[in-house]
Amino acid sequence: MKIVITGAGQVGGTLAEHLAGEANDISVIDTNDHRLRELQDRLDIRTVYGMASHPDVLIRAGIEDADMLVAVTSSDEINMASCQVAYSLFRTPTKIARIRDRSYTDDKVRERLFNDANCPVDFLITPEQVVTDYIFRLIEQPGSLQVIDFAEGLIQLVAVRAFKGGPLVGKELRLLRKHMPKVDARVAAIFRRDRPIFPQGDTVIEEGDEVFFIAAKKDIRKVMGELRRLENSYQRIVIAGGGNIGYRLAKALEKQYNIKIIEFSEERCQYISERLDKTIVLNGSATDQDLLLEENIERSDVFLALTNDDEVNIMASLLAKRLGARKVMTLINNPVYADLVQGGEIDIAISPQQATTSILLSHVRRGDTVKAHSLRRGAAEAMEIVVHGDSKTSKVVSRTIEEIKSPPGVTLAALVRDGEVIIAHHDTVVKNNDHAIVFVVDKRRTREVEKLFAVGFTFF
């Protein structure tokens, strides 16, 4: 595909990095010359210096025959203007814009504003909402490292760390079905000391393994209990930072959990306290030890550091953990920091650009791809693909999982058919209109996966 990305920041840069290695023609526009040079030194892409909404700049980036414009600058207005210019002058087929301000994303405004007659944006991405949903799922499944919904929440892909004492730890995977005869699940991948292991029946799960498994949402907790001691549901949650993400998360959680927000700005405290019903809003610094002790941090189930400053988030998280917080989750923009701190005193490092990139990927993937999620900092990918065709026009329809010639390191883990979850086994037959959940250990194989599910005239 030929894709023009406006904005070379964390989201634009991460997306360019994901797509550049997949034989896409990528152009990135920005007014930060240093950032553009940095990207071009690392990636095989075209970079263009200039204002992203200017027609001449877009032409230099190749918009005239581009398949897609992804507008992810830090300005909502420039993103909207870029989409307008791309539509009005060049009829660009797909236009995606990052829109952050709530005045634009309000449901009533959104419906009336974003259409071809007014502001021609095909897909809106609100990073704060994406990250909020991501954290919400982690809270919903205590003990998970990552939780991804497929088929509108019917089925989930969950990553957990295998702990000593788990019933399956030290045993072969084939025993999973014997342990849980009434629950169907599939281990899609195992990462051991950061290296992928393609799971077979005789694969032995070791302590410390990062295990990705897929199951119906209602069965997730039972499967987690086989790999680690089940954690009790969270009750008391402390959020550091009352910005857009902290506020949205508190709003989503406050009916089910006891929430406290620590916010440094007195003005912001006033604003969010007027709009939240049950959340306790505290004015102060999340790195203030006396404040944390006063608020009984040692009794909290989860401490979430969600300010817009990586260093503050890391320091507040380390302090909270030392003072007795049961679990610590930290928002970190810098990917180098995220890799350094996760798995130590910080339990989960949350990457906003990784979560946002996952939303973008589903629009970039060929075929009828409903969702595509980037995993493990972009090394792996999970996809939900709608299957089309018949035995003559498709390489997968009317074939058993065993008969399908999947690329190396690719697991067709589950199907969703007419609202029913079907965990894939060697004799499971794929049918037309199934939603296939595919795990790709090496994301460089995604093009081969797209070809596998493509519909041709006839396959002999």
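Residues numbered from 1 in each chain as written. Predicted model: local features only at pLDDT ≥ 70, side-chain atom pairs only at ≥ 80, totals over all residues. Heavy atoms only, no water.

1. Focus on the overall build of the protein chain
Each helix and strand counted, the protein chain has 16 helices and 22 strands in total. The C-alpha atoms of the protein chain give 23 Å as radius of gyration, which agrees with the globular expectation for 460 residues (23 Å, within 12%). Counting only C-alpha atoms and orienting by the principal axes, one finds that the protein chain spans roughly 70 × 65 × 45 Å. Sequence-distant contacts in the protein chain: of pairs separated by 6 or more residues, those separated by 24 or more amount to 61%. (Helix = DSSP H or I, 4+ residues; strand = E, 2+ residues; numbered from the N terminus. Rg over C-alpha atoms; globule rule 2.2 N^0.38 Å. Contact = heavy atoms within 4.5 Å.)

2. Comments concerning the packing of aromatic side chains
Under the criterion given, the structure shown has two aromatic pairs. Each ring, one from F191 and one from F212, has its centre 5.8 Å from the other, and the planes form 75°; the classification is edge-to-face. Remark: F212 occurs in strand β11 (residues 210–216) and F191 occurs in strand β9 (residues 185–192); sequence separation between them is 21 residues. A ring pair is formed by F212 and F439, whose centres lie 5.3 Å apart and whose planes are at 55°; its orientation type is tilted. Of this pair, F212 sits in strand β11 while F439 sits in strand β22 (residues 435–440); the two residues are 227 residues apart in sequence, bridging distant segments of the chain. Through successive ring pairs, a cluster of aromatic residues spans F191, F212 and F439. (Phe/Tyr/Trp six-rings, centres within 6.5 Å; stacked < 30°, edge-to-face > 60°.)

3. Considering the environment of D67
Secondary-structure assignment places D67 in the loop between α3 (55–60) and β4 (68–71). Taking C-alpha positions, D67 is 9.7 Å from R91, a pair spaced 24 residues apart along the chain. Dropping the residues within four chain positions of it, D67 is found in contact with M1, K2, T92, P93 and T94. Polar side-chain contacts of D67 include one of 2.7 Å to the backbone nitrogen of K2. (Polar contact = N/O pair within 3.5 Å; in protein donor to acceptor, adjacent residues only side chain to side chain.)

4. Let's talk about the pattern of salt bridges
Here the structure, examined in full by the defined rule, presents 21 salt bridges. Across the pair D65 and K2 runs a salt bridge whose closest N-O atoms are separated by 2.7 Å. Placement of D65 in the loop between α3 and β4 and of K2 in strand β1 (residues 2–6) is noted, with a sequence separation of 63 residues between them. The residue E448 makes a salt bridge to R445 at a minimum N-O spacing of 3.0 Å. One network of salt bridges, in which partners are shared, links R192, E206 and D209. (Salt bridge = Lys/Arg side-chain N within 4 Å of Asp/Glu carboxyl O.)

5. Points about the pairing of strand β18 (residues 369–375)
Within β18, five of the seven residues are buried, which leaves the element mostly enclosed by the surrounding structure. Across six bridges, the pairing between β18 and strand β19 (residues 380–386) is antiparallel. Directly across from A372, in β19, lies its bridge partner M383. (Buried < 20%, exposed > 50% of the residue type's maximum accessible area, 1.4 Å probe, protein only. Pairing = 2+ DSSP bridges.)

6. Quick word on helix α13 (residues 310–322)
Under the 1.5 Å per step criterion, the end-to-end length of α13 is 18 Å for 13 residues, consistent within 8% with the ideal 18 Å. Within the span of α13, buried status applies to D310, N313, I314, A316, S317, L319 and A320. For α13, the N-terminal cap is D309; the gap from its side-chain oxygen to the backbone nitrogen of E311 is 2.9 Å. One or two residues past the end of α13 sits G324, with phi positive at roughly 115°. (Expected span 1.5 Å × (residues − 1).)

7. Comments concerning a positive patch on the surface
Positive charge collects at one region of the surface, where R102, K251, K255 and K278 lie side by side. The residue K255 is located in the loop between α10 (244–253) and β13 (258–263) in this model. (Patch = residues over 30% accessible without salt bridge, like charges linked within 9 Å, V, L, I, M, F, W, Y side chains within 5 Å. Areas by Shrake-Rupley, 256 points an atom, 1.4 Å probe, with all protein chains shown as cover. Lys, Arg positive; Asp, Glu negative; His and termini not counted. Charge placed at Lys NZ, Arg CZ, Asp CG, Glu CD.)

8. As for the sheet that holds strand β21 (residues 420–423)
What holds strands together in a sheet is hydrogen bonding between their backbones, with the strands either parallel or antiparallel. The five strands lie next to each other as β18-β19-β22-β20-β21, forming an open sheet whose pairing is antiparallel. A single partner strand is all that each edge strand has here, and the edge strands are β18 and β21. For this sheet, the mean inter-axis angle between neighbouring strands, taken without regard to orientation, is 20°. Sheet topology places strand β20 (residues 410–417) next to β21; four bridges connect them, and they run antiparallel. Paired with A414 across the strands is I423, a residue of β21. Packed onto the sheet, helix α15 (residues 352–364) meets β18 and β19 and runs at close to 150° relative to β18. (Axes fitted to C-alpha atoms, helices over the stretch in contact; angles between N-to-C directions.)

9. A look at the sheet that holds strand β2 (residues 25–30)
Pairing is parallel in the open sheet, where six strands are placed in the order β3-β2-β1-β4-β5-β6. Strands with a single pairing partner mark the edges of an open sheet, and in this sheet they are β3 (46–49) and β6 (123–125). Taking each pair of neighbouring strands and ignoring which way they run, the sheet shows an average axis angle of 15°. Sheet analysis places β4 next to strand β5 (residues 94–98), joined by four bridges and oriented parallel. When the sheet's bridge partners are listed, M68 is paired in β5 with T94. Packing of helix α4 (residues 76–90) onto the sheet brings it into contact with β1, β4 and β5, and relative to β5 it is tilted by some 170°.

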